[in-house]
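If you want the building blocks of each chain, they are given just below.
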Amino acid sequence: MKNTAAIARILSEFITPVYPVTQETINKLAEKAHWCRLSRTDKLCEEEKPFDRMVWIADGIFRVSRVMNGKDQTIAFGTKGDPFLSPDTYLYGQPSQLSFNPVIDSEVVYVSIEDFRELVESTELMKWFNKVLMRQVHALENRYIWLGQEDAYARYLRLIKLRSEMASVIPLKYIASYLGVTQSHLSRIRAKIAGK
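Residues numbered from 1 in each chain as written. Predicted model: local features only at pLDDT ≥ 70, side-chain atom pairs only at ≥ 80, totals over all residues. Heavy atoms only, no water.

## Some words on the sheet that holds strand S7 (residues 106–112)
Item 1. Pairing is antiparallel in the open sheet, where four strands are placed in the order S1-S7-S2-S5. Since the sheet does not close on itself, it has two edges, and those belong to strand S1 (34–38) and strand S5 (83–84), each with one partner.
Item 2. Across two bridges, the pairing between strand S2 (residues 53–59) and S5 is antiparallel. Note that in S5 the partner of Val55 across the bridge is Phe84.
Item 3. Along the sheet, helix H1 (residues 4–15) makes contact with S1, S2 and S7, crossing S2 at roughly 95 degrees. (Pairing = 2+ DSSP bridges. Helix = DSSP H or I, 4+ residues; strand = E, 2+ residues; numbered from the N terminus. Contact = heavy atoms within 4.5 Å. Axes fitted to C-alpha atoms, helices over the stretch in contact; angles between N-to-C directions.)

In structure tokens form, the structure reads like this:
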């Protein structure tokens, strides 16, 4: 049995700080939404497959990744409140270019792409969506500038300063991939920090 009121509270907590949509819009979204628990071994969104959902992380940590040149590359991490959808599926009905999967046991709230699109077109949810998209573009822009300007040691220090809760539970191979270093290089950086 679905608890629409609980889902509405969660969605309001995630959406209204970004853009203050009406409670009526939150309720419409909650009526279409579902709650799902995932283990760290579950696959939610896999690259090269259509992803027909708009997702908010209710609890846990997710990894955005893609296989490039034969290597599994970590592009970003998501935590509580972060939204995700596949632009390729949303805009063109094509397979996702990215994977989005739990790193630890997690929970999500999701709506179908069709229901989300309908609400974006008929409510002020479009204003929230535009703001979220701009924030995500800005975050990706900052990440690529950061990768090009700081050394691996400084990048790791920045990660643990900004996201210490993630750095302690995410497997080292994913953090190393995100930082653009080998796992052994990351181990040396961590040893250097521990020695100080």
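And the narrative resumes.
## A few points about the pairing of strand S3 (residues 62–68)
Both faces of the sheet carry side chains from a regular strand, because those side chains alternate between them.
Item 1. Here S3 pairs with strand S4 (residues 71–78) via seven bridges, running antiparallel. The partner of Val64 across the bridge, within S4, is Ala76.
Item 2. The antiparallel pairing of S3 with S4 creates a hairpin that spans two residues between the two strands, and Asn69 there sits at a positive phi of about 50 degrees.
Item 3. With four bridges joining them, S3 and strand S6 (residues 99–102) adopt antiparallel strand pairing. By the bridge assignment, Phe62 is partnered in S6 with Pro102.

## Some remarks on the layout of surface pockets
Item 1. A volume near 1400 Å³ is recorded for the largest pocket.
Item 2. Take the lining of the largest pocket: its biggest share by element is 13 residues, from helix H5 (residues 125–149).
Item 3. The class makeup of the residues in the lining of the largest pocket is 27 nonpolar, eight polar and seven charged.
Item 4. Counted as a void, the second largest pocket has a volume near 310 Å³.
Item 5. Lys43, Arg63, Asn101, Pro102 and Tyr174 are the residues nearest the centre of the second largest pocket, which is lined by 18 residues in total.
Item 6. Per-element accounting of the lining of the second largest pocket gives the leading share, four residues, to S3.
Item 7. Residues belonging to the lining of the second largest pocket are distributed by class as follows: six nonpolar, four polar and eight charged. (1 Å grid on protein atoms, 1.4 Å probe; cavity = no way out; pocket = protein on both sides within 12 Å on 5 of 7 lines; lining within 4 Å. Points joined across faces, edges and corners; volume = space filled by probe spheres on them. Nonpolar A, V, L, I, M, F, W, Y, C, P; charged D, E, K, R; others polar.)

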